[in-house]
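Examining the three-dimensional arrangement
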Amino acid sequence: MTTETLDFTTARAPTLAWSDALGLELDFMDDTHREFVDLLGATEMAQDDELLDRFVDLIAHTEEHFGSEDRWMADTHFSSSNCHSTQHNVILQVMREGLKRGKEQGDLALVRQMAHELGLWFPQHAQTMDAALALHLRGVGYDEATGVVSKPEGLPQGEIHGCGGSTCS
């Protein structure tokens with residue numbers, strides 16, 4: 001996150017809106033991502049008296065969202081110790097710290113800045129790390145509702161470490 005502080009006292013618009021560019025052609029992942037974008041927008045647009053409640057909603061969704069992706073990775077041998085899961089953990093830790101400061105210190109500007117930064121971060125995460133996971137899940141025929149892999153021949157012989165490439169994004 002940047003150290004530059006934004007002025008949220010003027011008219012504002014959400015940093016991120018759903019677009020086809022965020023779609024990964026995997027309905028259960030796209031539905032979760034749409035919900036994230038909607039909750040993020042609601043957080044950014046919230047009045048001060050509702051901001052922390054909206055941020056709590058966003059954190060609750062994000063915990064479930066990231067937990068699901070981590071489970072899908074574990075179910076399909078896309079290692080839960082890879083940098084994708086690590087990034088999930090870091091983002092949640094930062095969000096929780098921001099909520100704590102918002103509640104304990106009344107630092108609403110920090111919470112607004114964090115929501116803005118999440119809107120900048122998410123497209124790259126979705127288009128790199130989540131896109132690689134979606135490709136992997138489609139390749140093994142993963143059913144998120146049952147956890148069943150219909151194409152077990154597509155499973156890697158061992159766990160996939162890193163992000164599936166030579167570098168992590």
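Before reading further, recall that the structure is shown in the block above.
Residues numbered from 1 in each chain as written. Predicted model: local features only at pLDDT ≥ 70, side-chain atom pairs only at ≥ 80, totals over all residues. Heavy atoms only, no water.

**Some remarks on the pattern of salt bridges**
Summed over the entire model, instances satisfying the criterion amount to five salt bridges. Note that aspartate 48 and arginine 112 form a salt bridge whose closest N and O atoms lie 2.9 Å from each other. With a gap of 64 residues between them, aspartate 48 in helix 2 (residues 48-75) and arginine 112 in helix 4 (residues 108-139) connect regions that are remote in the sequence. Put simply, aspartate 107 and arginine 101 hold a salt bridge, and the shortest N to O gap is 3.2 Å. The exposure class of arginine 101 is partly exposed, given its relative accessible area of 31%. (Salt bridge = Lys/Arg side-chain N within 4 Å of Asp/Glu carboxyl O. Helix = DSSP H or I, 4+ residues; strand = E, 2+ residues; numbered from the N terminus. Buried < 20%, exposed > 50% of the residue type's maximum accessible area, 1.4 Å probe, protein only.)

**Observations regarding unusual backbone geometry**
Look at glutamate 25: it is not a glycine, yet its phi comes out positive at around 55°. Secondary-structure assignment places glutamate 25 in the segment before helix 1 (27-45). A residue is classified by how much of its surface remains accessible, and glutamate 25, at 71% relative accessible area, is exposed.

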